Amino acid sequence: ASNNSLYLLEFTLNDESGYSFHEIVSKLEEQQISIDTLSLNPLTLDDVKKIVEDQPEISWDLIQRSSVNWNGNMRSLVDLLTQVKYGVYTDTNLKINWNTATFEHIHSLNNNELFVLTIILVHKEPVQRSLLNKLITYKESFQYVIDIQSLLNTLENRSLIRCYKDEIVLAHDSIVQHLIKLEKYDIFAIIGQRFWFDTYEKLLNSNDVYTSRGWRLMRVLYFGSLLNFDSKIYELLNKINEEALRSRDPQKMINYVEDVRKGLILKDKLRYAERIKQINYWLIELNYKIGNGSKAWEILSEMNEYSKKFNALKAILLEQIGKHSEAITFCTHQLELSDSTNLSYDLALNLVRLVTNFDIGEVQI
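Report on the accompanying structure. (Residues numbered from 1 in each chain as written. Predicted model: local features only at pLDDT ≥ 70, side-chain atom pairs only at ≥ 80, totals over all residues. Heavy atoms only, no water.)

1. With respect to the overall build of the chain
Note the following rule: Under the scheme used here, helices are H or I runs from DSSP no shorter than 4 residues and strands are E runs no shorter than 2 residues, and both carry numbers assigned from the N terminus. Radius of gyration: over C-alpha atoms. The globule rule applied is 2.2 Å multiplied by the number of residues raised to the 0.38 power. Only protein chains enter the accessibility calculation, which uses a 1.4 Å probe; a residue is then buried when its area is under 20% of its type maximum, exposed when over 50%, and partly exposed in between. Whether two residues are in contact is decided by their heavy atoms, any of which lying within 4.5 Å being enough. The Shrake-Rupley method, run with a 1.4 Å probe, gives the accessible areas here. Residue values count only the displayed protein chains as cover.
From N to C terminus, the chain includes 18 helices and three strands. The C-alpha atoms of the chain give 27 Å as radius of gyration, which overshoots the globular expectation for 365 residues (21 Å, by more than 25%). Expressed as a percentage of the 365 residues in the chain, the buried residues total 40%. Contacts in the chain between residues at least 24 apart in sequence constitute 61% of all its contacts with a sequence separation of at least 6. Accessible surface for the chain amounts to roughly 22,100 Å². Of this, 50% is attributable to carbon and sulfur atoms.

Dropping the structure here:
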């Protein structure tokens, strides 16, 4: 990070995000980052009138009749104007519900447009044009996509996506919550997840030099998790572990795996218990290897696990975070309980106890 950088960040209050504006500001201030805030006021009807004056398709009477429960959100106005432009509202005596304008706008799309919009949505990150173009050769999308550029042009003209030189993004976060309500969303989303998984898996096995191997690994992990590809996830964890240790920024990869774990917990903590445990152990061991013992201990402490692997890691981490007396007591107690059938386990506990005594100056012991 540079001390000579200025960033302009937009924050929209959204209960589903899990973070309040106060929490975000506190996090920034903890990093000694100064921040100034500016609250944006909702649009007024006078603001809307100025916008509508340039829109010959819509009458001011219709706007006035329909603004009863409007909260001043710009997105509702964008969707309303778009629907009028495309002929959705033709009755001049109609009264429009602005609160449902975005949903009705998305609902008015045809299957081909909905399909491509869903493919972009499930990617979660900005989509590379070169990768999205692979849709035209993907078997399951043949019935929906023939000319992808014309579909992208339509979605952009409808203010549902923004197209840049190399990337495509959703135009507004509210599109997500409305799109997922549509009946066709689930089947389109599964096709999209498979498409992105296959695309990134092929890239992973290629000599692609335009995207980092770490990024490709993380994308395959993400979509593999959504599709419940257990064996692929376990295989990828080892590869990501190797990549993270070589990376200049291993924390970025760790954060990505943590997001996968959170997603599994939110979906069904009991159903995915074994996979969550596997990822927990992976996170503990990698954090330990890069010297972040406190984070590894935090994850371990949240686990409800009683195994030799768990005990060995607990002993190691107690020593690393400086809880010396606890580490010695724990190792001694576990060795007393051991039946000596697992020599590697006993050796690990003895080594931790030895190193801990050395740390506190008990060289004779």
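Next comes the rest of the account.
2. Comments concerning the environment of Tyr-281
Applicable threshold: We call two N or O atoms a polar contact when they sit within 3.5 Å, provided that within protein one can donate a hydrogen and the other can accept it, with sequence-adjacent residues counted only if both atoms are side-chain atoms.
Of note, Tyr-281 is situated in helix α14 (residues 273-289). Overall, the relative accessible area of 6% leaves Tyr-281 in the buried class. In sequence terms Tyr-281 and Ile-299 are 18 residues apart; their C-alpha atoms lie 8.6 Å from each other. The residues touching Tyr-281, leaving out its near neighbours within four places in the chain, are Met-303, Glu-305, Ser-307, Lys-309, Phe-310 and Leu-313. Within the structure, Tyr-281 has its side chain in polar contact with the side chain of Glu-305 (distance 3.4 Å). There is a polar contact of 3.4 Å between the side chain of Tyr-281 and the side chain of Ser-307.

3. Focus on the pattern of salt bridges
Applicable threshold: We count a salt bridge whenever a side-chain nitrogen from Lys or Arg sits within 4 Å of a carboxyl oxygen from Asp or Glu.
If you walk through the whole model with that rule in mind, you get 11 salt bridges. Among the salt bridges present, the one from Lys-277 reaches Glu-274, with a minimum N-O distance of 3.7 Å. One end of the pair, Lys-277, and the other, Glu-274, are both in helix α14, three residues apart, so they sit about a helical turn from each other. Residue classification places Lys-277 among the partly exposed positions, given a relative accessible area of 25%. Bridged by salt links that share partners, the residues Glu-201, Lys-232, Glu-235 and Lys-239 form one connected network.

Any link to function would need more than the numbers given here.
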